[in-house]
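# Examining the three-dimensional arrangement
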Amino acid sequence: MKTNNPFVISGYISSDYFCNRELETEKIISALKNERNITLLSLRRIGKTGIIKHVFNQLSATENYRLLYLDILPTTCLSDFVREFGKAILVEEQNRSGNYLKKITKLISGIRGKLTFNQLTGIPELEIDYKKPHETEKDVATICQYLEEQDSRYIIAIDEFQQIVNYPEKNVEALLRTQIQQHNSINFIFSGSNKHILSSMFSQYGRPFYQSSDIMNLGRISKNIYSEFIVNHFAKYKRSIEIELVNEVLDDYDCYTFYVQYIFNQIFATQITKITHELVVEIAQQILVEREYIYYNYKNLLTNNQFALMKAIAKEWKVERPNSGEFIKKYNLIQASSVNVSLKSLINKDMIYEDGNGYQVYDLFFSKWLARL
Ligand SMILES: Nc1ncnc2c1ncn2[C@@H]1O[C@H](COP(=O)(O)OP(=O)(O)O)[C@@H](O)[C@H]1O
Ligand SMILES: [Mg+2]
């Protein structure tokens, strides 16, 4: 499939528009083929969902797996989880065969589900009757049983898996682990942005998922590979951009996948044949202006101390010790204890992150905007 813009900023199209990740893809596929589960960890917007889709794309071309993808970010309880699980099966069955409806009717009613048909597209959708009395735990078992009966190997990707720790039901981890363990024909890719929650889930002795999966920290795409990808895509459309200029952008945004894709998407959209430094600066500026209303809104949602701290961190881009006397003095912040309180709250809100080398504003466009204030 060909796109109008080769710098894709949502979803996965094909390997042509997906930069590298060869080693990581190979490692994930090898784990799965050897019947090991694998967990992907990274900051948001680095490329976890992308690589899951890429792995599925490769597997569907070469192997005989059945592939289910569940994004559980919007789920807040076990019933939501069951609905997403059911939906993933529905989608997979739909893509496979013409005669799937009859086949899955029993499963759907077994989990209190109802198939409805979208009036515009005619595509079946799944609704769950939450009012019917039920035991959600049994629903999970019913689904796993269904998969077992298919007599095929399944790979199930559960994206934003850390979400399950917020479910109000007790022992969700144990329940899922027990179900999962019973089925040798299923392997999992778990993925999530909350490193802290997920890594303790898999590495803390006594937790149900302890050592049940390999762990992969998904890093940045390396600069030389990314710049080549970018230059080549321009060249394919008979347009030119100097590699030095691309490298400047990559440095400026720490090779952070989403921001890089977004900027080059916008630069590409100009249709200009020869990309200049001035154009890149203008586009970057324009992006911040377009987002300004969101950033003013953030300002209203934060306390003055929190906002002052965000601004100070943004001005440095990355700060090793934001509670040091030197930093506090330089930016007229109040005192270390108050900085610590703000910092904790900003980390909880995912406005700031810490990666072992220092603290940074999570949204890099916001960081650039703050630094100019
Ligand atoms: N290897 C890649 N090459 C090109 N674009 C990518 C790549 N990986 C991710 N992206 C793009 O970067 C953005 C963020 O990736 P995503 O997979 O959604 O991140 P995450 O799941 O870690 O939050 C998306 O717009 C996606 O299309
Ligand atoms: Mg994702």
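A brief structural summary. Please read all numbers here as calculations on a predicted model, not as lab measurements. (Residues numbered from 1 in each chain as written. Chains lettered and ligands numbered in written order. Predicted model: local features only at pLDDT ≥ 70, side-chain atom pairs only at ≥ 80, totals over all residues. Heavy atoms only, no water.)

Mapped onto the elements of the fold, Tyr130 is located in the loop between strand 4 (124-128) and helix 5 (136-149). You can call Tyr130 partly exposed: its relative accessible area is 36%. When the C-alpha positions of Tyr130 and Ser79 are compared, they lie 7.7 Å apart, and in sequence the two are 51 residues distant. Every residue in contact with Tyr130, bar those within four places of it in the chain, is listed here: Ser79, Asp80, Arg83 and Arg112. (Helix = DSSP H or I, 4+ residues; strand = E, 2+ residues; numbered from the N terminus. Buried < 20%, exposed > 50% of the residue type's maximum accessible area, 1.4 Å probe, protein only. Contact = heavy atoms within 4.5 Å.)

The next subject is the site of ligand 1. As a matter of local geometry, ligand 1 sits amid 21 residues, with Ile9, Cys19, Arg45, Lys48 and Gly50 nearest to it. The backbone of Gly11 places a nitrogen or oxygen atom 3.4 Å from an oxygen atom of ligand 1. Here a nitrogen atom of ligand 1 sits 3.5 Å away from a polar atom, N or O, in the side chain of Gln261. Every element with two or more residues in the shell around ligand 1 is listed here: helix 2 (48-62) and helix 10 (257-269). Broken down by class, the residue content of the shell around ligand 1 amounts to 9 nonpolar, 8 polar and 4 charged. (Near = heavy atom within 4 Å. Polar contact = N/O pair within 3.5 Å; in protein donor to acceptor, adjacent residues only side chain to side chain. Nonpolar A, V, L, I, M, F, W, Y, C, P; charged D, E, K, R; others polar.)

We now examine the state of the cysteines. A full pass over the atoms with the stated rule returns 0 disulfides. Here Cys77 is not disulfide-linked; the sulfur of Cys144 is the nearest cysteine sulfur, at 17 Å. Under the relative-accessibility criterion, Cys77 is labelled buried at 17%. (Disulfide = S-S within 2.5 Å.)

What follows covers the sheet that holds strand 7 (residues 214-217). Spatially, 2-5-6-1-7 is the arrangement adopted by the 5 strands of the open sheet, whose pairing is parallel. Each having just a single partner strand, strand 2 (66-71) and strand 7 make up the two edges of the open sheet. Sheet twist, expressed as the mean angle between neighbouring strand axes with direction ignored, is 15 degrees. Seen against the sheet, helix 3 (residues 78-96) touches strand 2 and strand 5 (154-159) and runs at an angle of roughly 145 degrees to strand 2. (Pairing = 2+ DSSP bridges. Axes fitted to C-alpha atoms, helices over the stretch in contact; angles between N-to-C directions.)

Structural measurements only, silent on function.
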